[in-house]
Amino acid sequence: MLEKTYTPAEVEDRLYDRWEDSGGFSADPASNAAPYTIMMPPPNVTGSLHMGHALTFTIQDILIRYNRMAGRDALWQPGTDHAGIATQMVVERNLAAEGIDRRDLGREGFVDKVWEWKAESGGTIVNQLRRLGASPDWPRERFTMDEGLSDAVRKVFVQLYKENLIYRDKRLVNWDPKFQTAISDLEVESKEIDGHLWHFRYPIEGEAGRFIVVATTRPETMLGDSGVAVHPEDERYKDLVGEHAILPLVGRRIPIVADDYADPEQGSGAVKMTPAHDFNDFEVGKRHDLAMINIFDAHARVNDNAPEAYRGLDRFEARKAVIAAMEVEGLLEKVEPHRHTVPHGDRSGVPVEPWLTDQWYCDAATLAKPAIEAVETGKTVFVPKNWEKTYFEWMRNIQPWCISRQLWWGHQIPAWYGPDGTVFVAETEAEVLAEAERHYGKPVDLTRDEDVLDTWFSSALWPFSTLGWPEQTEHLERYYPGDVLVTGFDIIFFWVARMMMMGLHFMKEVPFHTVYIHALVRDAKGQKMSKSKNNVIDPLELIGKYGTDALRFTLTAMAAQGRDIKLDENRVEGYRNFATKIWNAARFCEMNGCVVDPAFDPAACSETVNKWVVGEVVKTADAVAKAIEAYRFNEAASALYQFFWGTFCDWYLEFTKPILQTPDGEAEHPAAAETRAATAWALNRALHLLHPIMPYITEELWASFGEEAEQLLLARPWPDLPADLADADAAAEMGWVVRLISEVRSIRSEMNVPPGARIPLLLTGASAETEARLARHQGLITRLARLSELTTGGAVPAGAVQGVLDEATLALPIADVIDIDQERARLNKEIGKVESEIAKIDKKLANENFVAKAPEAVIEENKDRRAEEQDRRDRLAAALSRLEAVG
C-alpha cells in the first residue's frame, strides 16, 4: 500500500541510487538504436548548484530521459571545467588561511595543492546534480584537465600554431591587477560608479593662449596620451587637424587627428587618445599610427614611461597627483559629477585595467568564417531563431582571441624559448628539444612559457575531446556531432561560437545540429538575482522544502521560449501540491482495486467514459512528445498538468466513482472491471509521460502501477499510442458533459450562489442529441453541478440567470437563493476597484520618465498586471450583465 503522504526526502536518494546502480543512464555504443547526444556544459569544478544550473540541467535531463524512452541510444556526456582563475583563487585563499603564499610553494607544489583540493572538494557540483535527478552517463565523466583532454588541447594548439592561426602579439587586454592576469570579457563585471568628468586644457603648439579642451574620467591616463581626436566634420577644429598639442606635465608633442570616433555632441567634441589604456583609443591609434605608450606595470602602478614625479604611484594615487598638478598649472577647466560604468574583475572586485601586453592570440576571424556559414545554411539552428542574429553580430565583428592567462592552474602553453628568444612549439618537451637542437646545431637549454591557456580554449574542444579525440574512438564516430546543445545566451560567444569554430576546423563537421537558448531565471519581481540585492534563490533549499520534482516541474512550466522566468516560491509550492494531487489520485486508484491488467485492450472499451479517458491519454501523449521535440517545454508541462489535475483527477475519477464504489449490499456495477483496468492503464501511461519532468514521484508510483514493476520506469519505452485509439464520439460526448458542468459551476460562482445550495437547471432549445446525452448522464451532471433537478423544454422561469452551451440555453433560477440587489452592488463595487487599478497602471505606463528609467522586467510586469486586471474586469462585467438580465 502507498503511504498516506508522499515524502520526497524519503524517496529521492533511494531511487537515484537504484537508477545509477542499474546502469540505466549509460549509452551503448553497440546498440542498433539511433544515437542521441547532448554535451553537458561543464560546470566549474568550484561551483555550487544555482538556479541557472537547475534550469539548464532540468531541460537537458528532460530531453535525455524522453529520447532514452523513445528508443534512442542516448548519451548525456558529463564533466566539469577546471575553471582556471576561479579554482586558483579558491586554493590561494585556503593557503592564505594557513599562512602560505603560492610563490613559497613554487608552481609544481601549488598545482599539486590544487589537485589535492579537487580530490577533496571538487565533487560538490556533480553530487548536487544528482540531487536534481540528472541522469548523465556518469562513468564517462570527464574533467578539462584530465590526461586525454590535455592531449587534445596540446595537439590543437600545436596544429593551429603551425597553420599560423595562433601567434604572439602586443594588444590591449582586460588586465586584473589583483590576480596579475588577463581575463575574458565574461569575467568582467560592469558597475555603475558615481565619479567625475575632468576637463583639461591642452596647449596648441605654436599658438600661445590657445587650448583644446578634452574631458576624461581617468586623469591618470593622460600621462600616456599620444594624440587628440576630433570629428572630421566638426567646424570648431578643422584648422587644428594635422597640428599638434603639447601634453601638459609631460611636454610631449601629440598630433590632433580627425576620426569618426569623436562625437561632436559629447563634451567639447575633442577626445584625448591613450591607445595603450583604452580599447576604443587603441583602434583609433592603429588607424592613425599613434604611439602606444604603456604607463602602468602589472600592479597598475605608474612605470618609467611617465615623468619621474609619478613613477611608482598606484593608479588612483596618480590620479590625485595629476589633478593637483593640472590645477596648479591652471589647466583644469572644470569638474563635473558623472555617473559611469567601470569594468571590474568579477572575482577580484578591483577595476580592470586595459593594458598593453604581449599575449598569445588565436586568429578567430579566420576560424569564424566556416562557423558563420554553418548557421547561415542551417547546418546548425538556434532555438529561438532570433539568437542567430546575436551569433552573427558577434562572429562577423570578431576580434583576435587572447588565449593566454598569467596563472599557474590550467593547461600550460606548449611553447618554449631558446637562448635568443626563438619560439619552439610542440606537443611534448622531447619533441621541442629535438627541434631546438636541429635549429641550433647543438643541445640547448629552453625556457617554457609560464602562461596557461584561457579556460574557454579547452572548453571549445569539449564536444570531441570528451569522446576520445585525437584518438579515433568508437564513441567519437558514433556520438559526434551532438543533437542539441542547451545553454544560456550569455555564453553564445564565449563557448558556443568557439565550439563551432573548433569543431568545424578539426572534425570538419558542426558539433551540434541545434542550439537551444533558454531564458534567465529572475526573482519573483523580475529582477536579476545577485548577492548584492539579497534576492538569490537557492535551488537546494527549494528541493529540501518541496522536493526535486516540484522544482523541476516549476522550471519546466515556466520555460516559455524567449521569456525570462520570474521565479516565485509560491509556484514551487503549487507544483508540490500537484505532486500531492497525483499521489492522492494513485492512492484512490489503489484503494479501489485499480491494478494494471496485462490483458486490458484500450481499444475494446465499451463504456463511453473509458473510451474518453483512453482518447485523452492518446491526445496528451501526442502533445507532450511534440512539445518536447519542439523545445516547448512549458507546453509539455501544461498538457501534463491539464491531464492529471483536470481530466484524470477532477473529471474522470469523479465520473467513475459510482462505477468503482459499490454501496454495501448492492451488486457490483457491470462496468466495474473494465473501469478499474482502464483507470490503472490511464495512470500507468500518464506516469510514463510525466517521468522525464517529474522522475521521482513517477518512479515511486510505477512500483504500484507498472505492468512490470520490478523493471524501472527509467528503462521503460515511451508509450506507443496509435491515434485511432481515440474515439471521436466519446470525446465529443464527455467533452460536452465537462463543458456543461463547468458552465453551471461558473455561473454559480459568478452569482455567488452558496456552495451547499442545490438549484434546478432547465435547458431550452436542446437538440435531440443533447437531450439524449442529458438522459445518459443525468445522474452524473446533477451530482457534480449540485443541481436539484434537470429538465428540458418549456419557458425560462422568472428570476433565472442564463447561459449558452452550443445550441441550447441554460436557465438557473437563483432569485430564491441570492439577494439580487446585494449581488449587483457587490459586482459594481468590484468593477470600480478593478477599473481604478487599471487607471493607475495606465498612468504609470504613460509616464515617459517611468518608462525611460524602469528596468524592462518592471515594464513587462506592469503590462502583465494590466492584462490580468482587464481580464478580471471583463469577467465581472459579463457577470453583471447576466445578473441584470435576471431582473
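Numbers given for residues are sequential positions, taken from 1 along each chain in its written order. The model is predicted, so local features are restricted to residues of pLDDT at least 70 and side-chain atom pairs to those at 80 or more, both for listing and for counting; the totals for chains, interfaces and linings are taken over all residues. Computation of side-chain values covers all heavy atoms of the structure but excludes hydrogens and water.

Another aspect to go through is the overall build of the chain. Each helix corresponds to a stretch of at least 4 residues labelled H or I by DSSP, and each strand to a stretch of at least 2 residues labelled E; elements are numbered beginning at the N terminus. A count of helical and extended segments in the chain gives 27 helices and 29 strands. Projected onto its principal axes, the C-alpha positions of the chain cover 110 × 65 × 55 Å. Contacts are assigned to residue pairs with any non-hydrogen atoms lying within 4.5 Å of each other. Looking at the chain alone, contacts between residues at least 24 apart form 77% of all its contacts between residues at least 6 apart. Put simply, the chain shows about 38,800 Å² of open surface, and 48% of that area lies on carbon and sulfur atoms. The centroid of the 98 positive side-chain charges in the chain is displaced by 3 Å from the centroid of its 140 negative side-chain charges. All accessible-area figures derive from a Shrake-Rupley calculation using a 1.4 Å probe, and residue coverage is judged against the displayed protein chains alone. The charge count treats Lys and Arg as positive and Asp and Glu as negative. His and the chain ends do not count. Positions of charges follow a simple convention, taking NZ of Lys, CZ of Arg, CG of Asp or CD of Glu.

Below, the discussion takes up the sheet that holds strand 19 (residues 423-425). Across a sheet, paired strands are connected by hydrogen bonds in the backbone, their directions being either parallel or antiparallel. Strands qualify as paired when DSSP identifies two bridges or more between them. If you walk across this open sheet you meet the three strands as 19-18-20, and the pairing is antiparallel. Strands with a single pairing partner mark the edges of an open sheet, and in this sheet they are strand 19 and strand 20 (447-448). Pairing of strand 18 (residues 415-417) with strand 20 involves two bridges; the strand directions are antiparallel. Each residue of the ladder has a partner; that of Trp-416, found in strand 20, is Arg-448. Where helix 11 (residues 429-440) meets the sheet, its contacts fall on strand 18 and strand 19, and the angle it forms with strand 19 comes to roughly 140°. Axes here refer to lines fitted to C-alpha atoms; in helices the fit is confined to the stretch in contact. Angles between the N-to-C directions go from 0 to 180 degrees.

So, on to the packing of aromatic side chains. Pairing of aromatic rings covers Phe, Tyr and Trp, the last through its six-membered ring, and needs centres within 6.5 Å; plane angles under 30 degrees mean stacked, over 60 mean edge-to-face, and all others mean tilted. Considering all chains together, one arrives at 42 aromatic pairs under this definition. Consider the rings of Phe-578 and Tyr-641, whose centres lie 4.7 Å apart with planes at 45°: the pair is tilted. Taken together, the positions of Phe-578 in helix 18 (residues 569-591) and Tyr-641 in helix 20 (residues 633-660) put the pair 63 residues apart, joining distant regions of the chain. A relative accessible area of 0% means that Phe-578 is categorised as buried. The classification of residues rests on relative accessible area computed with a 1.4 Å probe and restricted to protein chains. Under 20% of the type maximum is buried, over 50% is exposed, and intermediate values are partly exposed. A relative accessible area of 29% places Tyr-641 in the partly exposed class. Feature note: the residues Phe-553, Tyr-575, Phe-578, Tyr-641, Phe-643, Phe-644, Trp-645, Phe-648 and Tyr-652 constitute an aromatic cluster, connected by ring pairs.

As a further point, take helix 25 (residues 820-846). Residue count minus one, scaled by 1.5 Å, sets the expected span of a helix. Spanning 27 residues, helix 25 covers 39 Å between terminal C-alpha atoms, matching the ideal 39 Å at 1.5 Å per step. Those residues of helix 25 lying buried are Ile-820, Glu-823, Arg-824, Leu-827, Glu-830, Ile-831, Val-834, Ile-838 and Ile-841. The inward-facing, buried residues of helix 25 abut helix 23 (728-750) and helix 27 (856-886). For helix 25, the capping residue at the N-terminal end is Asp-819, with a side-chain oxygen 3.1 Å from the backbone nitrogen of Asp-821. Any pair of N or O atoms that falls within 3.5 Å is considered a polar contact. Within protein, one atom must be able to donate a hydrogen and the other to accept it, and sequence-neighbouring residues count only if both atoms are side-chain atoms.

The next thing to look at is the pairing of strand 5 (residues 166-176). Pairing of strand 5 with strand 14 (residues 353-362), which is carried by ten bridges, proceeds in the antiparallel orientation. Within the sheet, the bridge partner assigned to Arg-171 lies in strand 14 and is Thr-357. Taken together, strand 5 and the strand that follows it, strand 6 (residues 181-183), pair antiparallel across an intervening segment of four residues, in which Gln-180 is found at a positive phi of about 60°.

Okay, the environment of Gly-71 next. Of note, Gly-71 is situated in the loop between helix 2 (51-69) and strand 2 (73-77). Note: C-alpha distance between Gly-71 and Ala-33 (38 residues apart in sequence) is 6.6 Å.

So, about unusual backbone geometry. That bond from Val-383 to Pro-384 is cis: its omega, -5°, falls within 30 degrees of zero. Structurally, Pro-384 is set in the loop between strand 15 (381-383) and helix 10 (387-396). The linkage connecting Trp-469 with the following residue, Pro-470, adopts the cis geometry, with an omega of 15°. Along the polypeptide, Pro-470 turns up in the loop between helix 13 (462-465) and helix 14 (474-479). Not every positive phi belongs to a glycine, and Ala-83 is a case in point at roughly 50°.

For the rest of this paragraph, the subject is the pattern of salt bridges. Should their charged atoms come close, side chains of opposite charge can pair. We count a salt bridge whenever a side-chain nitrogen from Lys or Arg sits within 4 Å of a carboxyl oxygen from Asp or Glu. Per the stated rule, a full pass over the model turns up 62 salt bridges. Notably, a salt bridge pairs Arg-826 with Glu-823, separated by 2.8 Å at the nearest N-O pair. Within this pair, Arg-826 and its partner Glu-823 are both found in helix 25, separated by three residues, close to a single helical turn. Close ionic contact of Arg-875 with Asp-871 constitutes a salt bridge, the shortest N to O distance being 3.2 Å. One end of the pair, Arg-875, and the other, Asp-871, are both in helix 27, four residues apart, so they sit about a helical turn from each other. With a relative accessible area of 42%, Asp-871 lands in the partly exposed category. Each of Arg-218, Glu-220, Arg-315, Arg-319 and Glu-353 takes part in a single network of salt bridges with overlapping partners.

Moving on, we come to the side chain of Arg-748. With respect to the helices and strands, the residue Arg-748 is situated in helix 23. In terms of polar contacts, Arg-748 uses its side chain to reach the backbone carbonyl oxygen of Pro-755, at 3.3 Å. Excluding its chain neighbours within four sequence positions, the residues that come into contact with Arg-748 are Val-753, Pro-754, Pro-755, Ala-757, Ile-759, Ala-785 and Arg-786.

The next point concerns the nonpolar core. Formed by 152 residues in total, the largest nonpolar core has its most connected members in Leu-63, Trp-612, Phe-648 and Phe-655. The biggest single contributor to this core is helix 20, with 15 residues. Residues contacting Phe-655, with those up to four places away along its chain left out, are Val-609, Trp-612, Met-734, Val-737, Val-738, Ile-741, Leu-780, Arg-783 and Leu-784. Listed in part, the 64 residues of the second largest apolar core include Phe-157, Val-158, Tyr-391 and Trp-401. Take the buried Ala, Val, Leu, Ile, Met, Phe, Trp, Tyr and Cys residues and link them wherever side-chain atoms come within 4.5 Å; each set so joined is a nonpolar core.

On to the packing of helix 9 (residues 364-376) against helix 15 (residues 492-507), then. Two numbers describe how helix 9 lies on helix 15: the axes approach to 8 Å, and their chain directions differ by 90°. With respect to each other, helix 9 and helix 15 are oriented roughly perpendicular. Touching Ala-364, Leu-367, Ala-368, Pro-370, Ala-371, Ala-374 and Val-375 of helix 9 are Met-500, Met-501, Leu-504 and His-505, all from helix 15. Note on residue classes: Ala, Val, Leu, Ile, Met, Phe, Trp, Tyr, Cys and Pro are nonpolar, Asp, Glu, Lys and Arg are charged, and everything else, Gly too, is polar. Taken together, the residues of the contact of helix 9 with helix 15 sort by class into ten nonpolar, one polar and no charged. Here the angle decides the label: under 35 degrees means roughly parallel, over 145 means roughly antiparallel, 65 to 115 means roughly perpendicular, and every other value means oblique.

The next thing to look at is the sheet that holds strand 7 (residues 188-203). Within the open sheet, the three strands sit side by side as 8-7-13. Their pairing is antiparallel. Bordering the open sheet on either side are strand 8 (211-216) and strand 13 (332-345), each of which pairs with just one other strand. This sheet shows a mean twist of 20° between the axes of neighbouring strands, independent of strand direction. Sheet topology note: the strand 7/strand 8 ladder contains six bridges and is antiparallel. Paired with Pro-203 across the strands is Phe-211, a residue of strand 8. Packing of helix 8 (residues 315-328) onto the sheet brings it into contact with strand 7 and strand 13, and relative to strand 7 it is tilted by some 25°.

Our focus in this paragraph is the side chain of Arg-498. You can see Arg-498 is positioned in helix 15. There is no salt bridge for the buried Arg-498, and the closest opposite charge comes from Asp-454, which lies 4.1 Å off by N-O distance. Residues in contact with Arg-498, not counting those within four places in the same chain, are Trp-401, Asp-454, Trp-456, Ala-460 and Phe-493.

Of note, Leu-763 is situated in strand 26 (residues 759-764). Here Leu-763 falls in the buried class, since its relative accessible area comes to 1%. Sequence spacing of Leu-763 and Leu-774 is eleven residues, and the spatial spacing of their C-alpha atoms is 9.7 Å. With residues up to four places along the chain from it excluded, the contact list for Leu-763 reads Thr-770, Leu-774, Leu-790, Thr-791, Thr-792, Gly-793, Ala-808, Thr-809 and Leu-810.

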